[in-house]
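Residue-level structural notes
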Amino acid sequence: MSNDPPPTTSRRRLLIAQVVAYLAAWCILLPVAICRWGETGLDNVDILGWPSSSYWDTPLYLPLLLVAPLAWWFRGQLIDRRRRRDDKKPRTPMWTTDVSQIGTAGVRAWMMAIGCGVVAFSVSALIARHFEGLPPTYHDEYSYLFQAQTFLAGKVSYPSHEAPRLFDQMHVLNEGRFASRYFPGTGLWMAPFVAIGQPYWGHWFAGAVTAFFIFWTARELGGDGTGFVAGLLIAVSPGMAWFSNMLLAHHPTLVGLSLFLFAFVRWRTRKRIGYALCAGIGLTFAMYCRPMTAAGVGLPFGIAFAYWLVTSGRSVAVPLKIRVLHAVALGGPIVLGIAAMMAYNQAITGSALESPYQLYTDIYTPRHVYGFNNVLRGEQRLGPRVLDGYDRWAKNLTPRLAAKNVVTRSIASLRWTLDFVPLCMAAIVFVLAVPRRDSNAWLMFWAIVSLHAAHIPYWYDGIMHWHYVFESGPLWCIVFAVATARLVLFWKAEDRPWMSRWWAVVVLSAVWMSYGSLDPYWEPRITDEIDSVKFGRRKHFSFQQLIALQAVPKPAVVFVEADPADRHIDYVVNSPDLQADVLVAHYLPVKYSTAELQQLFPGRSLFLFRARTGDFGPLPMNR
């Protein structure tokens, strides 16, 4: 069936979808091109480079759109010969719209899946070369390291120091218990890699696991070719590679979500209770890393599962006992996970219903609260421990700002998953050409919508304008692969072999513009993001080198006088046991005199670092 010409209705829809996608690409690129050309001028010697600095990364797409009609016009005239070759191919088709033809995975499928994982790990390692020898930069990364170190010590928290204000650390709760504010999944994932001194390997491996499972998920929707496109695209995604070198929660979350997606789709096609259990385990782990993201992605699948529970007894006469067992298998891990999370909350905050994350927000950053009018609501709850500079960073969320964030996040998610133009074209083909009866494919699309909707009530658009909806990346790759499968089969039936090659060049161009360069016309799209992270990492590295060389004799305490103008770099970072040779603390001369500090740290040398000027020296005497 997959090699037969598509039905007339399907053929018409695919023709319309291609035309609409093609015209949409022109509508996207032409205004940007015209505006940019006007800024550069025809006489500028750098005229070939004008598209490169635009947000839409247009250098190679414009000529490709120009040659697309030619690619369509040239027919293969090799239909009979190609059909004879098809008869010799393996029974499992590379591309199909009939899931019954997919069959059991063979050597080809396993090689593709493993290959996607290897590519993902390798791309992450290549990006890491830009950061070689540099420490993390974001506050969040140090909090996750803190959490992993706490777990490795067999604890969920430490008692606060007797002078806790000295050791307040960004995104670390310090109100009697000294613990990361974040949910425990990321620290659990990182712990074994932190133990061997290679924390970033854990995130590279998480990217490889994600690509592996995304292959199998997409394969269930359209064969080996569909799986390979989705898995390989997520493996080479510039945003995925960049984030895999940040010690944040996103990659561990994707491990759970990718397992959930694969297992749930398998459950829907095979109805085996083991797949329901694996789906529940995957979603639970994702919930332990980023609960709002897990809920956003999982909602459409939960609705589909609930619909099956209610209707399957009538439509296919599935016994109630069987339906209950499947519900327990899927929901059991989630219920147990929530119970364990409540115990975790109780151990740190003293309340099973109050998470460290929420308590930290309430105490330190009330203006950052989830929901509309966050600043106005937060200002009604200001307390003595508010981090004023960081807290005032928040913008008040209004419907207008929320709408702007939705647009910004949507554009950025397309741009950093692959690139805006090809993903936008694929999305149009998907929406117009994939029938609603392909419900597994549509669940991926609705999960994207649901994830964006879940984060509408938050004021910040995110790191790189998309980190709150980062986990939509693999879903977009699946959507792209499903649309590609439809197009490839259509072009094959219509004897338009050059169109498949043209589409492949579009994809390769997107990847090339992410990582490659053509001096002096354009630099890799990822370069600016790498440089922005390097700036913070180098500042942390310089500080760490400074105290390692000049904080002598050891053991020592280095007190940091913060720079009020820099809210995003805080040098007060310590291991949770506060037993390192060099501790870093806040300089609070109003609260603690030098004599009092000497009493607090009798066996340590005391130094002062002024972050604004970079001055370093012995702690001056004061009263």
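Relevant structure appears above.
The sections below set out a description of the structure shown in this document. The residue numbers shown here count from 1 along each chain, following its written sequence. At least 70 in pLDDT is required for a residue's local features to be given in this predicted model, at least 80 for side-chain atom pairs to be given and counted, and no such filter applies to totals for whole chains, interfaces and linings, which use all residues. Side-chain measures here rest on the full set of heavy atoms in the structure, leaving out hydrogens and waters.

Where helices and strands are cited, they refer to DSSP runs of H or I of at least four residues and of E of at least two residues respectively, numbered from the N terminus. A tally of helices and strands in the protein yields 22 helices and seven strands. What you see for the protein is a C-alpha radius of gyration of 27 Å, in line with the 25 Å of a compact globule of 623 residues. The dimensions of the protein, computed from C-alpha atoms along their principal axes, are 95 × 75 × 45 Å. Out of the 623 residues in the protein, the part that is buried amounts to 57%. Residues count as neighbours in contact if any of their non-hydrogen atoms are within 4.5 Å of one another. Long-range pairs, those at least 24 residues apart, make up 76% of the contacts in the protein with a sequence separation of at least 6. Taken as a whole, the protein presents about 27,600 Å² of accessible surface, with 63% of it coming from carbon and sulfur. Computation of the radius of gyration draws on C-alpha atoms, with the globule rule given as 2.2 Å multiplied by the number of residues to the power 0.38. With a 1.4 Å probe rolled over the protein chains alone, any residue whose accessible area is under 20% of its type maximum counts as buried; one over 50% counts as exposed, and the rest are partly exposed. Residue-level accessible areas treat just the shown protein chains as cover; the underlying method is Shrake-Rupley with a 1.4 Å probe.

Turning to the environment of phenylalanine 131, a few remarks are in order. One can find phenylalanine 131 in the loop between α4 (107-128) and α5 (139-152). With relative accessibility at 3%, the residue phenylalanine 131 sits in the buried group. For the pair phenylalanine 131 and lysine 534, spaced 403 residues apart in sequence, the C-alpha separation works out to 6.8 Å.

A few words on the sheet that holds strand β7 (residues 615-618). Read across the sheet, four strands follow the order β5-β4-β6-β7 without closing on themselves; strand pairing throughout is mixed. With partners counted over all chains shown, the strands left at the sheet margins are β5 (582-586) and β7, one partner each. Taking the axes of each pair of neighbouring strands and ignoring which way they run, one obtains an average angle of 25° across the sheet. In this description, strands pair whenever DSSP reports at least two bridges between them. Where strand β4 (residues 556-561) and strand β6 (residues 605-610) come together, six bridges link them in parallel fashion. Counted as the bridge partner of alanine 556 is serine 605 from β6. To obtain an axis, a line is fitted to C-alpha atoms, over the contacting stretch when the element is a helix, and the angle between two such axes runs from 0 to 180 degrees between their N-to-C directions.

Let us look at helix α12 (residues 320-349). Multiply 1.5 Å by the residue count of a helix minus one, and that product is the helix's expected span. Helix length check: α12, at 30 residues, gives a terminal C-alpha distance of 41 Å against a target of 44 Å (1.5 Å per residue), a fit within 8%. Taking the largest bend as the criterion, α12 deviates by roughly 40°, centred on glycine 331, and proline proline 333 comes between one and four positions later. Restricting attention to buried positions, one finds in α12 the residues Arg323, His326, Ala329, Leu330, Pro333, Gly337, Met341, Tyr344, Asn345, Ile348 and Thr349. Looking one or two residues beyond α12, the residue adopting positive phi is glycine 350, at roughly 85°. Throughout, the bend at a residue refers to the angle made by two axes, fitted to the seven residues ending there and to the seven starting there.

Time to look at α5. Helix length check: α5 (14 residues) gives 20 Å between terminal C-alpha atoms against 20 Å at 1.5 Å per residue, within 8%. With 11 of its 14 residues buried, α5 lies for the most part within the structure. By the burial criterion, the buried members of α5 are His139, Glu141, Tyr142, Ser143, Tyr144, Leu145, Phe146, Gln147, Ala148, Thr150 and Phe151. At the exit of α5 stands glycine 154, carrying a positive phi of roughly 80°.

Burial within β5 is extensive, with five of its five residues counted as buried. Residue alternation in β5 divides its side chains into two sets, Val582, Val584 and His586 and Leu583 and Ala585, and both sets are buried. Bridging between β4 and β5 involves five bridges; their strand directions are parallel. In the sheet register, valine 560 faces β5, and the bridge partner there is histidine 586.

Bringing the sheet that holds strand β1 (residues 158-159) into the picture now. With antiparallel pairing, three strands are arranged side by side in an open sheet as β1-β3-β2. The open sheet has two edge strands with one neighbour each: β1 and β2 (172-174). Two strands pair when backbone bridges link them, and β1 and strand β3 (residues 177-180) are joined in this way by two bridges, in the antiparallel orientation. Its bridge partner being in β3, proline 159 is matched across the sheet by arginine 177. Of the strands in this sheet, β1, β2 and β3 are in contact with α5, which crosses β3 at around 115°. This element, helix α13 (residues 356-364), spans β2 and β3 of the sheet and lies at about 70° to β2.

Classification of ring pairs rests on two measures: the distance between centres of Phe, Tyr or Trp rings, Trp counted by its six-membered ring, which must be within 6.5 Å, and the angle between planes, read as stacked under 30 degrees, edge-to-face over 60 and tilted in between. Summed over the entire model, instances satisfying the criterion amount to 51 aromatic pairs. Centre to centre, the rings of phenylalanine 213 and phenylalanine 262 are 5.8 Å apart; their planes meet at 35°, and the pair counts as tilted. With a gap of 49 residues between them, phenylalanine 213 in helix α7 (residues 199-236) and phenylalanine 262 in helix α9 (residues 250-270) connect regions that are remote in the sequence. Residue classification places phenylalanine 262 among the buried residues on the basis of a relative accessible area of 12%. Seen from their ring centres, phenylalanine 260 and phenylalanine 264 are 5.7 Å apart, and the 45° between their planes marks the pair as tilted. Taken together, the residues phenylalanine 260 and phenylalanine 264, both in helix α9 and four residues apart, mark about one turn of the helix. This pair shows no difference in class: phenylalanine 260 is buried, exactly as phenylalanine 264 is. Through a chain of ring-to-ring contacts, three or more aromatic side chains come together here, namely Trp110, Phe212, Phe213, Phe215, Trp216, Phe262 and Tyr275.

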